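# Notes for the structure review
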Amino acid sequence: MMRRFGTTRGAGPMLGIVLLILTGSSLADEPRLEQGRDIVKRFATELQSALRATMAEGGPTAAVGVCKEQAPTIASRLSRETGAKVARTSLKPRNPRNAPEPWQREILRGFEQQAAAGATMPLEYFEQADGDTRYLRAIGTQAVCLTCHGEKIADEVREAIAADYPFDRARGYSVGDIRGAFSITWHDSVQ
Ligand code: HEC
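Along each chain, residue indices are assigned from 1 in the same order as the chain's sequence is written. Reporting in this predicted model follows two pLDDT cut-offs: at least 70 for local features of residues, and 80 or more for side-chain atom pairs to be given and counted; totals over whole chains, interfaces and linings ignore these cut-offs and use all residues. Each side-chain value is worked out from all heavy atoms of the structure, with water and hydrogens disregarded.

## Some remarks on the site of the ligand
For the record, the criterion: Nearness is defined per residue: one heavy atom within 4 Å of the molecule or strand is enough. We define a polar contact as two N or O atoms separated by no more than 3.5 Å, with the added condition that, inside protein, one atom must be a possible hydrogen donor and the other a possible acceptor, whereas residues neighbouring each other in sequence contribute only through side-chain atom pairs. Helix numbering and strand numbering both begin at the N terminus, where a helix is a DSSP run of H or I of at least 4 residues and a strand a DSSP run of E of at least 2. We call Asp, Glu, Lys and Arg charged. Ala, Val, Leu, Ile, Met, Phe, Trp, Tyr, Cys and Pro are nonpolar, and the rest, Gly among them, are polar.
In the neighbourhood of the ligand, 21 residues make up the surrounding shell, with R94, C145, C148, H149 and Y165 lying closest. H149 is positioned with one of its side-chain polar atoms (N or O) 2.9 Å from a nitrogen atom of the ligand. Of all the secondary-structure elements, those providing two or more residues to the shell around the ligand are α2 (31-82), β4 (132-140) and α4 (146-149). For the shell around the ligand, the element with the most residues is α2, which contributes 6 residues. Here the residues of the shell around the ligand are counted per class, giving 13 nonpolar, 5 polar and 3 charged.

## Quick notes on helix α3 (residues 102-116)
Let me state the cut-off plainly: Expected span of a helix: the number of residues minus one, times 1.5 Å. Only protein chains enter the accessibility calculation, which uses a 1.4 Å probe; a residue whose area is less than 20% of its type maximum is buried, one above 50% is exposed, and one in between is partly exposed. Our arc is simply the arc of the directions from the helix axis toward the C-beta atoms.
Here α3 contains 15 residues, and its C-alpha end-to-end distance of 21 Å stays within 8% of the 21 Å for a straight helix at 1.5 Å per residue. Turning to α3, its buried residues are W103, Q104, I107, L108, G110, F111 and Q114. For α3, the angular spread of the buried residues around the axis is 155 degrees, confining them to a single face. In α3, the exposed positions that point more than 90 degrees away from the buried face belong to P102 and A116.

## A short note on the pattern of salt bridges
Pairs may arise between side chains of opposite charge once their charged atoms sit close together. Selection rule: Each reported salt bridge corresponds to a side-chain nitrogen of Lys or Arg within 4 Å of a carboxyl oxygen of Asp or Glu.
According to the stated counting rule, one finds 13 salt bridges in the structure shown. The partner of E124 in a salt bridge is R37, and the shortest N-O contact between them spans 2.7 Å. Here the residue E124 occupies a position in strand β3 (residues 124-129), and R37 occupies one in helix α2, the gap between them amounting to 87 residues. Note on R37: relative accessible area 29%, which makes it partly exposed. With its nearest N and O atoms 3.8 Å apart, the salt bridge here joins K85 to E101.

## Points about the environment of F182
Spelled out, the test is: Note on contacts: a residue pair qualifies if any of its non-hydrogen atoms lie within 4.5 Å across the two residues.
The topology assignment puts F182 in strand β5 (residues 178-187). Separated by 138 residues in the primary sequence, F182 and A44 place their C-alpha atoms 8.9 Å from one another. Setting aside anything within four residues of it in sequence, one finds F182 in contact with V40, F43, A44, A87, R88, Y135, L136, R137 and I139.

## Some thoughts on the pairing of β3
Test applied: Here a strand pair is declared whenever DSSP counts at least two bridges between the two strands.
Counting buried positions along β3 yields 6 of 6 residues, so the element is predominantly enclosed. Burial of the side chains of β3 extends over both faces: E124, F126 and Q128 are buried on one face and Y125, E127 and A129 on the other. Summarising the sheet, β3 and β4 pair through 6 bridges and their orientation is antiparallel. Within β4, the residue paired with E124 across the bridge is R137. Turn length for the β3-β4 hairpin, with the two strands adjacent in sequence and antiparallel, is 2 residues, and the turn residue D130 shows positive phi of about 50 degrees.

## Examining the packing of aromatic side chains
Which entries qualify depends on this criterion: Aromatic contacts are taken between Phe, Tyr and Trp rings whose centres are within 6.5 Å, Trp giving its six-membered ring; a plane angle under 30 degrees counts as stacked, one over 60 as edge-to-face, and the others as tilted. Cation placement over rings: the criterion is NZ of Lys or CZ of Arg within 6 Å of the ring centroid and within 35° of the ring normal.
The full count for this structure, using the stated rule, is 1 aromatic pair. For the pair F43 and F182, a centre-to-centre distance of 5.2 Å together with 55 degrees between the ring planes defines the contact as tilted. Here F182 lies in strand β5 and F43 lies in helix α2, a separation of 139 residues in the sequence. For the residue pair F43 and F182, the accessibility class agrees, reading buried in each case. We note K92 situated over the ring of Y173; from NZ or CZ to the ring centre the distance is 4.5 Å. The ring of W103 is capped by R134, whose NZ or CZ atom sits 3.9 Å from the centre of that ring.

## So, the environment of Q104
Following the sequence through the fold, Q104 ends up in helix α3. Classification of Q104 as buried rests on a relative accessible area of 7%. Between the C-alpha atom of Q104 and that of L91, which follows or precedes it by 13 residues, the distance is 9.0 Å. Excluding residues within four positions of it along the chain, Q104 makes contact with T89, A99 and S183. A polar atom in the side chain of Q104 sits 2.8 Å from the backbone nitrogen of E101.

Spatial relationships are all this shows, so hold off on functional conclusions.
Have a look at this one:
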């Protein structure tokens, strides 16, 4: 059985139809969708409050360490707590470990296409097939993100990032761009 909504490769015109069929009925009370949204909310809230606190106290250079340490730590803890695989990914990752798998890349490209066509946040993707459930939610770029992901990054911040991330591609963003996505997946078939 396969149920999905959101974006699929080249499925632009189909999208409205898929949404119509599924959102009203079965998906409305799909527990995994609610759980996915809840995990994303917790991840985003925790990370952003740690980020903002450190930016205020120690400045952006110190906050690079928060993103480096806290993001993977929060993701692992939420994974342990929920039994889902909780991660962040991007078409232009800073950390190569966050590089998308092929199926995630397709969905991220779908988000880009939707945004280019004028769709507004939140952009979400939900799919259940063969015992696997996948939930992706696009992450928008806010002003605070530009300190480390924007066009102009202060020298000391750029150096701090370069020291830890020699393969960094996560620069040059503007407010409103899609920075990446939260990815929540369950593999019920192997449990
Ligand atoms: C203080 C610098 C800093 C700020 C500010 C910052 N980030 Fe990052 N960001 C990083 C670092 C460092 C990483 C790599 C983390 C890792 O190793 O997983 C990262 C990684 C990410 C990733 C994971 C994908 C990737 O590129 O590896 C996303 C998504 C992301 N940031 C989004 C944001 C958003 C959205 C904001 C604003 C709300 C933001 N960041 C603000 C430094 C920053």
